[in-house]
Amino acid sequence: ANPIVKVFPDDLPGETPRRIELAAARNEREPFQLCLRAVRDLVNVAVTVDPPRHREGQKLGVSLNLVGYVPVDHPSNYYTVDVPAWCRKLPPRGSSGCDGWAGLWPDPLPPLAPFARQAHTTQPVWATVSVPPDAPPGTYRGSVTIQPSNQPPLQIPLVVTVWDFALPKQSRLQVIYDFREGFTRQFGGTSGTRDEVLRKWYAFLADHRISPGILPEPKFGTMDGQVTMDTADFDRAAAYCLDELGI
């Protein structure tokens, strides 16, 4: 499925692909979505990739994630409620003002591990192909193997075309991800100081050519009747994002 399309558990499949084809420039990451559905329950499903290789031997990196789901019990529309956390929340009254619906919504991309899937439900797997800046142009061939413990394996050829130009290290595309600090204290199961955690997130966004959009704001105060401004946090973040990462 096209990676910009959200795939839901009850989505019906199209034709089974004979192969997966995609194209990318050098210094680019290109994703694809592989959606699995079976008429029987699938147990302990492992998905592996034989990395696409050029005829001269160079290979491309491929990372895999499972598409996770978030249960949504009411179409959201930036609703807020100011009650204690232990209070039961009731659905808002009136129309939601958005085009969503209640149900399981695909959103997080946790690391891929063997998984189970009930019959007649669809499970997407998210794959990202990474093309190095110095990759030779041409065709790269590999494969994706789907191996449940209770069914025969299925292997699908993976063909990647690398174009004869590279994306620049510094992106000119203006993209704001509206990055906020509220839930960044943990990163990949590790902790650290505020600056260490932020630097990891900034590097993650830069790898995907996305601007955080929001940097730590200067701190204002007063001292001896004078207004003060402390820009240390902003200066460190701006120097790292702009000068080092090329955001």
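In this text the structure is predicted, and so the values were computed from the model without any measurement.

Rules of the game
- Residues numbered from 1 in each chain as written.
- Predicted model: local features only at pLDDT ≥ 70, side-chain atom pairs only at ≥ 80, totals over all residues.
- Heavy atoms only, no water.
- Pairing = 2+ DSSP bridges.
- Helix = DSSP H or I, 4+ residues; strand = E, 2+ residues; numbered from the N terminus.
- Axes fitted to C-alpha atoms, helices over the stretch in contact; angles between N-to-C directions.
- Core = buried A, V, L, I, M, F, W, Y, C linked by side-chain atoms within 4.5 Å.
- Buried < 20%, exposed > 50% of the residue type's maximum accessible area, 1.4 Å probe, protein only.
- Contact = heavy atoms within 4.5 Å.
- Phe/Tyr/Trp six-rings, centres within 6.5 Å; stacked < 30°, edge-to-face > 60°.
- Lys NZ or Arg CZ within 6 Å of the ring centre and 35° of its normal.
- pLDDT = per-residue confidence, 0-100.

**Quick notes on the sheet that holds strand 10 (residues 154-166)**
The strand order across the open sheet formed by five strands is 1-10-9-3-7, and the pairing between neighbours is mixed. The sheet is open, and its two borders are formed by strand 1 (20-26) and strand 7 (115-117), each paired with just one other strand. Mean inter-strand twist for the sheet, computed between neighbouring axes without regard to direction, equals 30 degrees.

**Comments concerning the nonpolar core**
Membership of the largest hydrophobic core comes to 24 residues, with the highest contact counts inside it found for Ile 20, Phe 32, Leu 34, Leu 36 and Val 160. Among the elements of the structure, strand 1, strand 2 (28-36), strand 3 (42-53), strand 8 (123-131), strand 9 (138-147) and strand 10 are those that each provide at least two residues to this core. Contact partners of Leu 34, with chain neighbours within four places excluded, come to Ile 20, Gln 123, Pro 124, Val 125, Val 144, Ile 146 and Ile 156. Tyr 202, Leu 205, Tyr 240 and Leu 245 belong to the second-largest nonpolar core, a separate cluster that totals nine residues.

**Comments concerning the environment of Pro 124**
By secondary structure assignment, the location of Pro 124 is in strand 8. Between the C-alpha atom of Pro 124 and that of Leu 34, which follows or precedes it by 90 residues, the distance is 5.5 Å. Setting aside its immediate chain neighbours within four residues, Pro 124 contacts Val 7, Gln 33, Leu 34, Cys 35, Leu 66, Val 67 and Tyr 69.

**Regarding the environment of Pro 71**
Residue position: Pro 71 is located in strand 5 (residues 69-72). Apart from residues lying up to four places away in sequence, Pro 71 is in contact with Gly 103 and Leu 104.

**Some remarks on the packing of aromatic side chains**
Within the structure shown, the criterion is met by seven aromatic pairs. Centroid distance Trp 101 to Trp 105: 4.7 Å. Interplanar angle 45 degrees. Geometry classified as tilted. On the numbers, 6.0 Å between centres and 10 degrees between planes, the contact of Trp 163 with Phe 165 is stacked. We classify Trp 163 as partly exposed; its relative accessible area is 39%. The residue whose ring lies beneath Arg 199 is Tyr 240, and the NZ or CZ to ring-centre distance is 3.8 Å.

**Notes on the confidence of the model for the chain**
Across the chain, the average pLDDT comes to 89, with 95% of residues at or above 70. Within the chain, the element-level pLDDT minimum falls on helix 1 (residues 194-207), averaging 88, and the maximum on strand 9, averaging 97.

**A few points about the side chain of Ser 143**
Relative to the assigned elements, Ser 143 resides in strand 9. Judged by its relative accessible area of 9%, Ser 143 is buried. Discounting chain neighbours no more than four positions away, the residues touching Ser 143 are Thr 48, Val 49, Asp 50, Gln 155, Ile 156, Pro 157 and Leu 158.

**With respect to unusual backbone geometry**
Of note in this structure, Asn 44 is not a glycine but carries a positive phi near 50 degrees. Note that Asn 44 resides in strand 3. Asn 44 sits in the partly exposed class, given a relative accessible area of 43%. Positive phi values are uncommon outside glycine, yet Arg 209 reaches one of about 60 degrees. Position of Arg 209 among the secondary structure elements: in the loop between helix 1 and strand 11 (219-223). Residue Arg 209 is classed as partly exposed on the basis of its relative accessible area, which comes to 27%.

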